Amino acid sequence: MSKLDKIVSWCGNMEQSLLSLVKVILLSRKPSPLPGNLKNSDELVILANGPSLNATVSGHREFLENKTLLAVNFSACSPMFTDLKPEIYLIADPLFWLVPEKMNSLFGSLAKNTGWPLHLFMPVRALCEKEWQNIIKTNPNIQIHLYNTTPVEGFKRWANFLYRKGLGVPRPHNVLIPSIATGLRLPFRRIYLAGADHSWLPEINVTENNQVLMHQKHFYDNSSSKADTVKQEDLNPARLHTILYHMHVAFKAYFTLLDYARTLDKEIINITPGSFIDAFPRLKLEPDKQ
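As the structure is a prediction and not an experimental result, all values here were calculated from the model.

Draft legend 1. Highlighting empty space enclosed by the protein. Inspection of the entire model under this criterion finds two cavities of 30 Å³ or more. One number sums up the size of the largest cavity: a volume of about 70 Å³. Residue lining of the largest cavity: Y147, N148, Y163, G166, G168, V169, A181, T182 and R185, and that is the complete set. Top contributing element to the lining of the largest cavity by residue count: helix α9 (residues 176–185), with three residues. The residue makeup of the lining of the largest cavity, split by class, is four nonpolar, four polar and one charged. Quantified by volume, the second largest cavity comes out at close to 60 Å³. Sort the elements by how many residues they give to the lining of the second largest cavity and helix α4 (residues 79–84) lands first, with three residues.

Here's what the structure looks like:
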């Protein structure tokens, strides 16, 4: 890298660091204390919602046993939730508390089906909506933990410091990013990613009316889902350049999390067959013994 390139890079990092500081001051709040009574404080399995999760759970149950499990998004609406009984649950997308249908379905299922101690991680910004909180309060098994989704970038040491303090995360364009960031704040030395297919590129289609459709398959609706528009936070459909940009930011964030994990002497391992994530080392699981 030439001297000029180094100067330009330093200036860019300085700008991003200052912007991140402003965002933290304006948007972040002190996060809730982290849970300390987990079944296994050394190994975490994040159960993302990709279609491959069904095969992982059915064929590798022995691997999942005795590890702490973290579930996300709509998994509480599936039979797998009560079967696996995850100890941690994390929500990131504002649509889950802004859209009444999604909110009632998700939080209603959580309140109804959780018969064991569950640590529910919710963004600080979700506190502005009281209805989901009233639903969750009906179940004493669920303990709410608040975390910050403030996007943090810039100089690595500065960004890593804010990640460790829970004041921000790499740009959280999907739920897996804050899930990993939260897992790294907890005592776990090894974090496994299951159901993290991220194989959306072949599922994008643009109609003759310039409507952008994406077939977002999940483990709970793989046979019934269909292509649809991608809703933004303002509930308007996203254009193709927006979707591709968000993918770019997400896949880049995984390399940021990889570097951050290494500073903590922790591992992030992808156990998702066929995953499009190219940042983390992979592990092919051995099938359960018959």
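Draft legend 2. Just helix α8 (residues 156–164), in detail. Of all the positions in α8, only A159, N160, L162 and Y163 are classed as buried. All buried residues of α8 lie within an arc of 160° about the axis, which places them on one face of the element. Among the structural elements, α1 (3–27), α9 and α10 (240–263) are those in contact with the buried residues of α8. Directly after α8, the chain includes G166, whose backbone phi takes a positive value near 75°.

Draft legend 3. Quick look at the nonpolar core. Membership of the largest hydrophobic core comes to 46 residues, with the highest contact counts inside it found for I180, L193, Y254, L257 and F280. If we ignore the near neighbours within four places in the chain, the residues touching I180 are I46, I191, L193, Y254, L257, I268 and F280. Counting 24 residues, the second-largest nonpolar core is a separate cluster that includes F81, F96, M103 and W116.

Draft legend 4. How the structure looks around the packing of α8 against α10. Contact geometry of α8 with α10 gives a least axis separation of 11 Å together with a crossing angle of 80°. Put simply, α8 runs roughly perpendicular to α10. In this structure, α8 contributes K156, N160, Y163 and R164 to the contact, and α10 contributes T256, D259, Y260 and T263. Grouping the amino acids of the contact of α8 with α10 by side-chain chemistry returns two nonpolar, three polar and three charged.

Calculation notes
Residues numbered from 1 in each chain as written. Predicted model: local features only at pLDDT ≥ 70, side-chain atom pairs only at ≥ 80, totals over all residues. Heavy atoms only, no water. 1 Å grid on protein atoms, 1.4 Å probe; cavity = no way out; pocket = protein on both sides within 12 Å on 5 of 7 lines; lining within 4 Å. Points joined across faces, edges and corners; volume = space filled by probe spheres on them. Helix = DSSP H or I, 4+ residues; strand = E, 2+ residues; numbered from the N terminus. Nonpolar A, V, L, I, M, F, W, Y, C, P; charged D, E, K, R; others polar. Buried < 20%, exposed > 50% of the residue type's maximum accessible area, 1.4 Å probe, protein only. Arc of directions from axis to C-beta. Contact = heavy atoms within 4.5 Å. Core = buried A, V, L, I, M, F, W, Y, C linked by side-chain atoms within 4.5 Å. Axes fitted to C-alpha atoms, helices over the stretch in contact; angles between N-to-C directions. Parallel < 35°, antiparallel > 145°, perpendicular 65-115°, else oblique.

Purely geometric stuff here, so don't read any function into it on its own.
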